[in-house]
Amino acid sequence: MTKRAARQVLFYAVLLGLWILIAGLKIWPPYILPTPKGVWEALAAGFADHSFWIAIEVSMRRIAIGYGISVLLGVVLGLAIAGSKFLEDTLGGLLVSLQSLPSICWLPLAVLWFGLTEKAILFVVIMGSVLSVTIAMETGRQQMPRIYAMAGRNLGAHGLKLFVYVLLPASLPYLVSGLKQGWAFAWRSLISGEMIFVSLGLGQLLMLGRDLNDMSQVVAVMLLIIAIGYLVDGLLFRTLERRLQEKWGLSPAA
Amino acid sequence: MTSSAHHPAIQRDFEDGSRSPQQVASVAPALAPLPPKLSLKGISRNFRSSNQHDLLALEGIDLQVRPGEFVCVVGPSGCGKSTLLHLIAGLAQPSAGTVLLDGRPVDGPDTGRILIFQDLGLFPWLTVIQNVEFGLRMAGVSKQERRFRSRNYLRLVHLGEFEDSYIHQLSGGMRQRVALARALATEPDVLLMDEPFAALDAQTRDLLHDELERIWRETGRTIIFVTHNVREAARLGDRVLLLTFRPGRVKREFTIDLPRPRHLEDVEVARTARDILDELRDEINKSREAEYRHDKTSR
C-alpha cells in the first residue's frame, strides 16, 4: 500500500515537473499552455471572489436533484420491467436502444420543450443517468435469489414493506454498479449541458474561460470538475461498496 | 395411523412396560380427539413442466397434525416434500384440496406458520439480531420490545454473543441457529423445516438435534420437519410420514413412541430407521429409474 502511494506521488511529481519545465521553455503563449502557477492563481482567485463557490453550489444542486430523481425513477422503472414480461419485451428493449444515444442529444429537445430553464438541464441530466439505474435495477431484481422475497413474505413483509426492507437491500449489490455508472453519466451530462447554454454552474465557468482566452481558468475549472467527481466517487460509492462488502462478505454479486 | 399399529417400536413399549407413568400420561391426550392444529385435506399440486406435460408433484395428501406434535416427512428426492411445506406456509397454492390451520383455511403466508428454507434465506444485509427481529419489525413491534424478545431467542439457540455479526461471518451450524431463532421470534404455532440440517457436518447436526428437541419441548411448537435422512426422522419425530415418488402420496405413517431425549445412536432409533428405510427403498429405486430414464431421453 505504501509502495503504491509512493509510486503515485512520484508519478504526479514527475508530471508536474514536466509541466513546469515545458511551460518554462515558453514555446507556446500562456493562452495555449498555462503555467502551473497561473492555474494555481486562477484557482485561488476563483475561490476568493466566490465565483467558483457559486458555480460549485449551482452545479451540485442540479446534480443532486437530477441524479436523485434518476435513482428514484430508475429503481421504480427497473422493478416494473423486471416484474412484467410485457414491459420487458417492450419498454426494456427501448431503454437498451436509447442507451446508445449520448445524453447531450436530448438538449435541443429539452430547450424546445422547456426553454432555457433549469428544467431543461435537469431533463438532460435525468436522461443521461436514468437508463443505467433502470437496467441495473432490472437485472438486479431478476438475478436476486428468489428466497429473499419468499422469506420476507413468510415473515410478514408485503407490498411497500417487502420492497423497502427486502427487495431493495437484496438488490443493492447488483444495483451499485448501475448507480455508479448513472452518477458518472449524470455528471458528464450536467457539465456538457451547462457548457452549451448559459446558466451559471461549472460548465459555464469553463466556457467563460474560453471566451476570455483565459486558459488558466479553463484548466483550473477542469481540475475542479475532476476533483469533485473523484470526491463523490470516493465518499459515496466506495463507502457504499465497502459497507456492502462488510455485510455480504467478499464479492457479493459474484 | 392404522398401519403403525404393528410397528415394532410400539409393540416394544407394550411388551416390556418400561415407560414411566408420566410418559404414558403425556401420550394420552394425543389419543383423545383433540382438534387438530393443522389439517390437510386432499391436497394435490401439479406443475407445468417444459414439455407441456403436467407434472403431478403431490396427490391426495390427507394429514392431521396435533398441537405440539413433531411430524417428520421422508421420501425420495422429487416426492414433493418441499412443495408440501410451501403449501402449508402459504407461499404456494394447492391445485386441489385445502390446508386448514385451527380449522381456518390457509390462503397466504402468515407469521403463524414460519418456514425455515433449505437455503435458510437469511438476509445478508442485516446483522444476526436484525435478522431475528425482522418478523417482529414487520409486525410493528416497538424497537425495545423486539430487541428484548430477539435476545431471548438468540440466547435460546446459544448465539447471544453474536448478535452484531453479519451472516457471512458465521459457520453453517450458527447460521442454522439464526434461522431457527428468526423463525421462533414471531412465535409461530407451526414451524416448517425443509431439510435444515442437510448441509451440516455430523457433529454439528447431532448438537442441533439436541437443541431442536429441547427448544421444541420448551416452546411447545408444532413442527413439520422434512428430511431425506431416515435416521434423523426417527430420532426427532413423534410420527414419520413416508411419501411415494412422484406423485407424492402418503405411503405409510410410522408412530415413533420412543422416550425422549433420544440420540441418533440409540438402538431403538436405528431399528425404527431401518423399518422406515425398508419401505422407502422401493421409492428411492423408482426415483433413480426416473432419473436414469431422463438421462437417456435427454441425451
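Residues numbered from 1 in each chain as written. Chains lettered and ligands numbered in written order. Predicted model: local features only at pLDDT ≥ 70, side-chain atom pairs only at ≥ 80, totals over all residues.

Colleague: How would you sum up the sheet that holds strand β6 (residues 113-116) of chain B? Please name residues and give values.
Modeller: The strands that make up a sheet are held in pairs by hydrogen bonds between backbone atoms, and each pair lies either parallel or antiparallel. Residues and elements named next belong to chain B. Taken together, 6 strands build an open sheet; the order of strands is β6-β7-β8-β3-β9-β10 and the sheet is mixed. The open sheet has two edge strands with one neighbour each: β6 and β10 (250-255). Adjacent strand axes in the sheet meet at a mean angle of 15°, parallel and antiparallel pairs treated alike. Where β6 meets strand β7 (residues 190-194), 4 bridges bridge the pair, whose relative direction is parallel. In the strand pairing of β7, Ile 116 is matched with Met 193. (Pairing = 2+ DSSP bridges. Helix = DSSP H or I, 4+ residues; strand = E, 2+ residues; numbered from the N terminus. Axes fitted to C-alpha atoms, helices over the stretch in contact; angles between N-to-C directions.)

Colleague: An account of the nonpolar core is needed here, citing residue identities and associated values.
Modeller: Counting residues in each nonpolar core, the largest one holds 128 residues, and the members touching the most others are Ile116(B), Ala181(B), Leu192(B), Ile224(B), Val240(B) and Ile276(B). The greatest single-element share of this core, amounting to 14 residues, is contributed by helix α6 (residues 118-143) of chain A. Of the domains in this structure, domain 1 (2-33 + 70-91 + 105-112 + 190-298) and domain 2 (122-187) of chain B are the two that each give at least three residues to this core. Setting aside residues no more than four positions away along its own chain, Ile116(B) makes contact with Ala179(B), Leu180(B), Ala183(B), Leu192(B), Met193(B), Asp194(B) and Pro196(B). (Core = buried A, V, L, I, M, F, W, Y, C linked by C-beta atoms within 7 Å. Buried ≥ 20, exposed ≤ 12 C-beta atoms within 10 Å, placed from the backbone. Domains from an automatic or database assignment. Contact = placed C-beta atoms within 7 Å.)

Colleague: Would you mind going over the pairing of strand β4 (residues 96-101) of chain B in detail, with residue names and values included?
Modeller: Regular strands place side chains that alternate from one sheet face to the opposite one. Residues and elements named next belong to chain B. Sheet topology note: the strand β1 (residues 38-48)/β4 ladder contains 5 bridges and is antiparallel. For Leu 38, the partnering residue across the bridge sits in β4 and is Leu 101. Sheet topology places β4 next to strand β5 (residues 104-105); 2 bridges connect them, and they run antiparallel. Bridge pairing links Leu 101 to Arg 104 in β5. With antiparallel pairing between neighbouring strands as the criterion, β4 and β5 make up a hairpin whose turn holds 2 residues, including Asp 102 at a positive phi of roughly 50°.

Colleague: Lay out the interface of chain B and chain A with the relevant residues and their values.
Modeller: Taken together, the 19 residues of chain B in the interface contact 16 residues of chain A. Those elements giving two or more residues to the side of chain B that touches chain A turn out to be β6 and α5 (134-138) of chain B. If one sorts the elements of the side of chain B that touches chain A by residue count, α5(B) sits on top with 3 residues. For the side of chain B that touches chain A, a count of residues per class yields 13 nonpolar, 5 polar and 1 charged. (Nonpolar A, V, L, I, M, F, W, Y, C, P; charged D, E, K, R; others polar.)

Colleague: Tell me about the domain arrangement of chain B, and please be specific about residues and values.
Modeller: Residues and elements named next belong to chain B. On domain assignment, one finds that chain B holds domain 1 (2-33 + 70-91 + 105-112 + 190-298) and domain 2 (122-187). Taken together, the contact between domain 1 and domain 2 spans 11 residues of the former and 10 residues of the latter. Of all the elements, helix α8 (residues 202-219) adds the most residues to the side of domain 1 that touches domain 2, at 5 residues. Here the side of domain 1 that touches domain 2 is composed, by residue class, of 7 nonpolar, 3 polar and 1 charged.

Colleague: For the environment of Gly74(A), give the residues involved together with the corresponding values.
Modeller: Residue and element names in this part refer to chain A. Tracing the backbone through its elements, the reader meets Gly 74 in helix α3 (residues 51-83). C-alpha of Gly 74 to C-alpha of Val 130: the two residues are 56 residues apart in sequence and 5.2 Å apart in space. The contacts of Gly 74, once residues within four sequence positions are left out, are Val 130, Val 133, Thr 134, Met 137 and Gly 182.

Colleague: Help me get a handle on the packing of helix α7 (residues 172-185) of chain B against α8(B), residues and values and all.
Modeller: Residue and element names in this part refer to chain B. Orientation of α7 relative to α8, taken along the N-to-C sense of each, is 15°, at an axis distance of 11 Å. Taken together, the axes of α7 and α8 lie roughly parallel to each other. In this structure, α7 crosses over α8, and the sense of that crossing is right-handed. Across from Gly 172, Gly 173, Gln 176 and Leu 184 in α7, the residues of α8 making contact are Thr 204, Leu 208 and Thr 219. Broken down by class, the residue content of the contact of α7 with α8 amounts to 2 nonpolar, 5 polar and no charged. (Parallel < 35°, antiparallel > 145°, perpendicular 65-115°, else oblique. Left-handed = near helix turned anticlockwise from the far one by under 90°.)

Colleague: I'd like to hear about the confidence of the model for chain B, residue by residue, with values.
Modeller: Residue and element names in this part refer to chain B. Averaged over all residues, the pLDDT of chain B equals 82, while 86% of them reach at least 70. The weakest mean pLDDT in chain B belongs to helix α1 (residues 8-16) at 39; the strongest belongs to helix α4 (residues 128-132) at 95. Segment residues 1-29 is flagged for pLDDT under 50; beyond a separation of four residues in sequence, or across chains, it makes 25 contacts in the model. The ipTM for the predicted assembly is 0.77, set against a pTM of 0.78. (pLDDT = per-residue confidence, 0-100.)

Colleague: Just give me the short version of the sheet that holds β4(B), but keep the residues and values in it.
Modeller: Read from one edge to the other, the open sheet built from 4 strands follows the order β2-β1-β4-β5 (chain B), with strand pairing classed as antiparallel. Looking at the sheet topology across the chains shown, the edges are occupied by β2 (54-65) and β5 of chain B.

Colleague: An account of the pairing of strand β9 (residues 239-243) of chain B is needed here, citing residue identities and associated values.
Modeller: Residues and elements named next belong to chain B. The buried count for β9 comes to 5 of 5 residues, which makes it a mostly enclosed element. Going residue by residue along β9, you find Arg 239, Leu 241 and Leu 243 tucked away on one face and Val 240 and Leu 242 tucked away on the opposite face as well. In the sheet, strand β3 (residues 70-74) pairs with β9 via 4 bridges, with the strands oriented parallel. The partner of Val 73 across the bridge, within β9, is Leu 241. As paired strands, β9 and β10 are joined by 5 bridges and run antiparallel to one another. Its bridge partner lying in β10, Val 240 is registered against Phe 254.

Colleague: Let's hear about the environment of Leu200(A): which residues, and what values?
Modeller: Residue and element names in this part refer to chain A. The residue Leu 200 is located in the loop between α8 (160-196) and α9 (201-211) in this model. Residue Leu 200 is classed as partly exposed on the basis of its C-beta count, with 15 C-beta atoms lying within 10 Å. Sequence-wise, Leu 200 and Ser 51 are 149 residues apart; in three dimensions their C-alpha atoms are separated by 9.2 Å. With sequence-adjacent residues up to four places away left out, Leu 200 is seen in contact with Ile 54, Ala 55 and Val 58.

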